[in-house]
Amino acid sequence: MNPTQQLLRKLPGIDKLLDCQALTELGESVPHDVLTKAARETVEQLRTEILESAEDFDATRLGLEQVAAEVAQLVQNRMRPNLRPVINATGTLLHTNLGRAPLAETALQAITETARMYSNLELDLESGKRGLRHDLVAELLCQLTGAEAAIAVNNNAGAVYLALAALAQGREGIVSRGELVEIGGAFRIPDVMAASGVRLVEVGTTNKTHPRDYLNAITEETGLFLKVHTSNFRVVGFTSQVSGAELVEIARPHGIAVMEDLGSGMLFDLSEYGLPREPTVAEAVAAGIDVVTFSGDKLLGGPQAGIIVGRRELIEKIRSHPMARALRMDKLTLASLEATLRLYLDRERALREIPVLRMLATPAEELEQRCIKLARRATEEIDSRAQIEVVAAPSTVGGGALPTTELPGFAMAVTPREQSVDALARRLRHGQPAVVARVQDDRLLFNVRTLASDQENDLLTALQTALDRNHEQD
Ligand SMILES: *Cc1c(COP(=O)(O)O)cnc(C)c1O
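All values reported here derive from a predicted model rather than from experimental measurement.

Draft legend 1. The arrangement of the site of the ligand in detail. Looking at the ligand, the residues that line it are Arg-100, Asn-155, Asn-156, Ala-157, Ile-183, Phe-187, His-229, Ser-231, Asp-261, Gly-263, Ser-295 and Lys-298. Between the ligand and the protein, one listed contact pairs an oxygen atom with a side-chain N or O atom of Arg-100 at 2.9 Å. A distance of 2.6 Å is found between a nitrogen atom of the ligand and a side-chain nitrogen or oxygen belonging to Asp-261. Protein chains bury 94% of the 380 Å² of accessible surface belonging to the ligand in isolation. Partitioning the shell around the ligand into residue classes produces three nonpolar, six polar and three charged.

Draft legend 2. View of the pairing of strand S3 (residues 172–176). Most of S3 is tucked away: five of the five residues are buried. The side-chain alternation of S3 yields two buried faces, one formed by Glu-172, Ile-174 and Ser-176 and the other by Gly-173 and Val-175. Both S3 and strand S6 (residues 199–203) contribute to a ladder of five bridges, which runs parallel. Across the sheet, the residue bridging to Ile-174 is Val-201, located in S6.

Draft legend 3. How the structure looks around the packing of helix H18 (residues 364–382) against helix H20 (residues 456–467). Orientation of H18 relative to H20, taken along the N-to-C sense of each, is 40°, at an axis distance of 11 Å. Relative to H20, H18 is oriented so that their crossing is right-handed. For the pair H18 and H20, the contacting residues are Arg-370, Leu-374, Arg-377, Ala-378, Glu-381 and Ile-382 in the first and Glu-456, Asn-457, Leu-459, Leu-460, Leu-463, Gln-464 and Leu-467 in the second. Broken down by class, the residue content of the contact of H18 with H20 amounts to seven nonpolar, two polar and four charged.

The rules behind these values
- Residues numbered from 1 in each chain as written.
- Predicted model: local features only at pLDDT ≥ 70, side-chain atom pairs only at ≥ 80, totals over all residues.
- Heavy atoms only, no water.
- Near = heavy atom within 4 Å.
- Polar contact = N/O pair within 3.5 Å; in protein donor to acceptor, adjacent residues only side chain to side chain.
- Areas by Shrake-Rupley, 256 points an atom, 1.4 Å probe, with all protein chains shown as cover.
- Nonpolar A, V, L, I, M, F, W, Y, C, P; charged D, E, K, R; others polar.
- Buried < 20%, exposed > 50% of the residue type's maximum accessible area, 1.4 Å probe, protein only.
- Helix = DSSP H or I, 4+ residues; strand = E, 2+ residues; numbered from the N terminus.
- Pairing = 2+ DSSP bridges.
- Axes fitted to C-alpha atoms, helices over the stretch in contact; angles between N-to-C directions.
- Left-handed = near helix turned anticlockwise from the far one by under 90°.
- Contact = heavy atoms within 4.5 Å.

Spelled out as structure tokens, the structure:
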């Protein structure tokens, strides 16, 4: 018998495999079909590996217990949810890949309570008649931005599309060439305008656009001026863009609406925490912009949403556009958006309780102290399997916002001694909970700015498991 045949003969039968103790125990919580399927697939996989290369095959893997362990691992991976919590140790506050903003505690409670019971989503409890879901957050949004009216939809891309379609479908929209942005690969201003049926009229140049450029482009067909926040890039050197207030001045006499897509949309000035001085939503409204749109899950720190605030008659048009129904928010998101907005009524409370704002506002000295403590604990628990240091590591805002802004911060740098940095990073991503950290100069950096303090124990456990020599290959 050749080596391949010898190995193949050692493969356990499915029935025998399912009868062994580890799998009968697992069978108490896992449907029989799932277990049988996993057993077949595992044996089939082993057979394939043997046939591919018998010389490289480790025969100890064919013991009954070893095969059963592989089956159990496969079943456990399958039973895990696909969408899982991740510890974000990248230092990037708003990672679109990691779900952007974590929510405040009161926003989580609002979701649970609204989900558990029926609610007055579209019932006016005062009159007993039908109400509007939009009204649940409209008043709060007006209060926080000074706008006359407001509506929230599924996300900011939807908000821009809907506002354009409702306000200028079949007409021309004038945009500076310096503001024809692409965000996150799929949101491109020219494409969104085309999709909403607004004819794009480009004015100015990439670096400079002047008030007269807008003025000269006005025709009978002009439906609106669109100003777009250049969230994810900077043009430096000789540049000029026309301010919102100037646009309003040009547009007013012609009865043209001015719309601004603010992108992140801050409700109050965050420049004292190291962010650039940017106009807040209230300032854009005060400058006379007719319609302002922004995201719920960027620097606002709430759930995915697109918020539109502005003049009453325009918001009314937006609300009654047929696509408003297609883009409407669901009750759970509305509940958490309302709870998040309520926190903003008290600025100090917002800074304390909204995770994104809290992380943003944490001073570098405090981060350093936390990082030193974390590194000390890690050193005690991890002994010789890795070298651990505290290093300066800046944070970015992320989520396509403020690309050139760096916040000072600190990270625990881990250099594994018995495996590559990439292998360690991979094991951490596969762990439970998954941990995402940044690889830099052959070290793994765990930035503490985006770590909640109650995640530190989980992080250390995950790190220990991932550094463990006997860790199962996933
Ligand atoms: C992020 C962003 C968008 C898209 O917002 P989503 O909420 O992700 O849909 C649109 N415009 C600008 C300027 C942005 O920064």
